[in-house]
Amino acid sequence: DTEVTQTPKHLVMGMTNKKSLKCEQHMGHRAMYWYKQKAKKPPELMFVYSYEKLSINESVPSRFSPECPNSSLLNLHLHALQPEDSALYLCASSQDWSSYEQYFGPGTRLTVT
Amino acid sequence: GENVEQHPSTLSVQEGDSAVIKCTYSDSASNYFPWYKQELGKGPQLIIDIRSNVGEKKDQRIAVTLNKTAKHFSLHITETQPEDSAVYFCAASDRDSNYQLIWGAGTKLIIKP
């Protein structure tokens with residue numbers, strides 16, 4: 001089973017709101033990723049967690065705050081977002097950080113008003 | 001760093017015909033080349049991948065070929081069906097890029113009935 005789940009499916013938030021995106025996998029993978037995808041573009045890497053530690057932060061603004069509570073869960077906390085942050089946010093996982101195969105969740109469609 | 005170019009950006013084929021999507025990469029150290037299929041409203045799905053020690057790989061109606069000398073790889077879909085309609089992304093990766101996926105721009109495949 002190569003399933004990564006994400007909640008919520010859709011999220012609309014104002015620029016002053018605080019919200020969180022959640023991701024879960026039960027494949028025993030030890031690397032988890034957050035990507036941002038704008039329309040008609042490929043995914044852009046935001047963060048990589050390896051063994052529950054943040055290993056890569058691709059210069060993402062501090063209004064995005066990742067958290068990895070355990071090896072199965074990954075959160076993305078959102079605060080004071082801008083309209084240009086509206087996008088599809090994808091979570092992915094791989095066996096470990098040096099494993100090439102990444103498996104993606106369905107994404108959360110975020111709209112910032 | 002690595003750069004991946006993907007062509008065409010849109011491909012329209014008659015149902016039952018074959019479709020070919022091509023990618024070129026710049027870094028000769030790249031050694032992993034996945035293809036992802038993304039249907040509308042869904043996350044990318046890994047459909048096939050190839051490593052640099054292999055020239056061709058097949059899985060039912062899809063195949064990937066790799067030419068390391070020319071630094072290009074291609075996705076071949078035979079006997080296309082309506083459910084093949086989607087956006088397809090190629091990517092390249094290697095240890096030097098911390099195993100991160102470097103993505104092509106995507107190809108929108110349209111299967112005409």
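Residues numbered from 1 in each chain as written. Chains lettered and ligands numbered in written order. Predicted model: local features only at pLDDT ≥ 70, side-chain atom pairs only at ≥ 80, totals over all residues. Heavy atoms only, no water.

**Overview of the overall build of chain B**
Regarding its fold elements, chain B presents 0 helices and 11 strands. Taken from N to C terminus, the helices and strands of chain B fall in the order β-β-β-β-β-β-β-β-β-β-β. On C-alpha atoms alone, chain B measures out to a radius of gyration of 14 Å, which is about the 13 Å that the 2.2 N^0.38 rule sets for 113 residues. By principal-axis analysis of the C-alpha atoms, chain B measures approximately 45 × 30 × 20 Å. The buried share of chain B, taken over its 113 residues, is 47%. When the accessible surface of chain B is totalled, it reaches about 5600 Å², and 46% of it is carbon and sulfur. (Helix = DSSP H or I, 4+ residues; strand = E, 2+ residues; numbered from the N terminus. Rg over C-alpha atoms; globule rule 2.2 N^0.38 Å. Buried < 20%, exposed > 50% of the residue type's maximum accessible area, 1.4 Å probe, protein only. Areas by Shrake-Rupley, 256 points an atom, 1.4 Å probe, with all protein chains shown as cover.)

**A look at the nonpolar core**
B:Trp35, B:Phe73, B:Leu75, B:Tyr88 and B:Leu109 are the most contacted members of the largest nonpolar core, which totals 24 residues. Among all residues touching B:Leu109, those that are not within four sequence positions of it are B:Leu11, B:Val13, B:Ala19, B:Ile77, B:Asp84, B:Ser85, B:Ala86 and B:Tyr88. Counting 23 residues, the second largest nonpolar core, distinct from the first, contains A:Leu11, A:Leu74, A:Leu81 and A:Tyr89. (Core = buried A, V, L, I, M, F, W, Y, C linked by side-chain atoms within 4.5 Å. Contact = heavy atoms within 4.5 Å.)

**Details of the interface of chain B and chain A**
Listed as interface residues are 22 residues of chain B and, on the opposing side, 21 residues of chain A. Summed over both sides, the interface between chain B and chain A buries roughly 1700 Å², with carbon and sulfur atoms accounting for 57% of that surface. For the chain B face of the interface with chain A, the top three residues by lost area are B:Tyr99, B:Gln100 and B:Trp103, together amounting to 33%. Inspection of the region where chain B meets chain A yields 5 residue pairs in polar contact (both at pLDDT 80 or more). Where the side of chain B that touches chain A is concerned, the elements lending two or more residues are strand S4 (32-38) and strand S5 (45-51) of chain B. Taken together, the residues of the side of chain B that touches chain A sort by class into 9 nonpolar, 8 polar and 5 charged. (Buried area = accessible area lost by both parts, 1.4 Å probe. Polar contact = N/O pair within 3.5 Å; in protein donor to acceptor, adjacent residues only side chain to side chain. Nonpolar A, V, L, I, M, F, W, Y, C, P; charged D, E, K, R; others polar.)

**A word on the state of the cysteines**
Residues and elements named next belong to chain A. Overall, the coordinates contain 2 disulfides over all chains when judged by the stated rule. Disulfide partner of Cys23: Cys91, at an S-S distance of 1.9 Å. The sign of the S-S torsion, about -70°, decides the handedness of the disulfide formed by Cys23 and Cys91: left-handed. Here Cys91 lies in strand S9 (residues 87-94) and Cys23 lies in strand S3 (residues 18-25), a separation of 68 residues in the sequence. (Disulfide = S-S within 2.5 Å.)

**A closer look at the sheet that holds S3(A)**
Residue and element names in this part refer to chain A. In space, the 4 strands of this open sheet follow the order S1-S3-S8-S7, with antiparallel pairing throughout. Each end of this open sheet is capped by a strand with a single partner; those strands are strand S1 (4-7) and strand S7 (64-70). The average angle at which neighbouring strand axes cross in this sheet is 20°, direction not considered. Across 4 bridges, the pairing between S1 and S3 is antiparallel. (Pairing = 2+ DSSP bridges. Axes fitted to C-alpha atoms, helices over the stretch in contact; angles between N-to-C directions.)

**Focus on the side chain of B:Asp84**
All names here are of chain B. By the element assignment, Asp84 lies in the loop between strand S8 (72-77) and strand S9 (86-92). The class for Asp84 is buried, based on a relative accessible area of 6%. In this view, Asp84 contacts Lys37, Arg61, Ile77, Glu79, Leu109 and Ile111; residues no more than four positions away in its chain are not counted.

**Quick look at unusual backbone geometry**
Residue A:Pro8 is bonded to the preceding A:Thr7 through a cis peptide linkage, with omega at -10°. As for its position among the elements, A:Pro8 is in the loop between S1 and strand S2 (10-13). Here B:His7 and B:Pro8 are connected by a cis peptide whose omega angle stands at -5°. Along the chain, B:Pro8 turns up in the loop between strand S1 (4-7) and strand S2 (10-14). Here the phi dihedral of A:Lys40 falls at roughly 65°; this positive angle occurs in a residue that is not glycine. Structurally, the position occupied by A:Lys40 is in the loop between strand S4 (31-37) and strand S5 (44-50).

**Concerning the sheet that holds strand S6 (residues 56-59) of chain B**
All names here are of chain B. If you walk across this open sheet you meet the 5 strands as S1-S3-S8-S7-S6, and the pairing is antiparallel. Two strands bound the open sheet, and with one partner strand each, they are S1 and S6. On average, each strand axis in the sheet is inclined to that of its neighbour by 15°, with strand direction left out of account. With 6 bridges joining them, strand S3 (residues 19-25) and S8 adopt antiparallel strand pairing. Within S8, the residue paired with Lys22 across the bridge is Ser74.

Geometry only, nothing functional implied.
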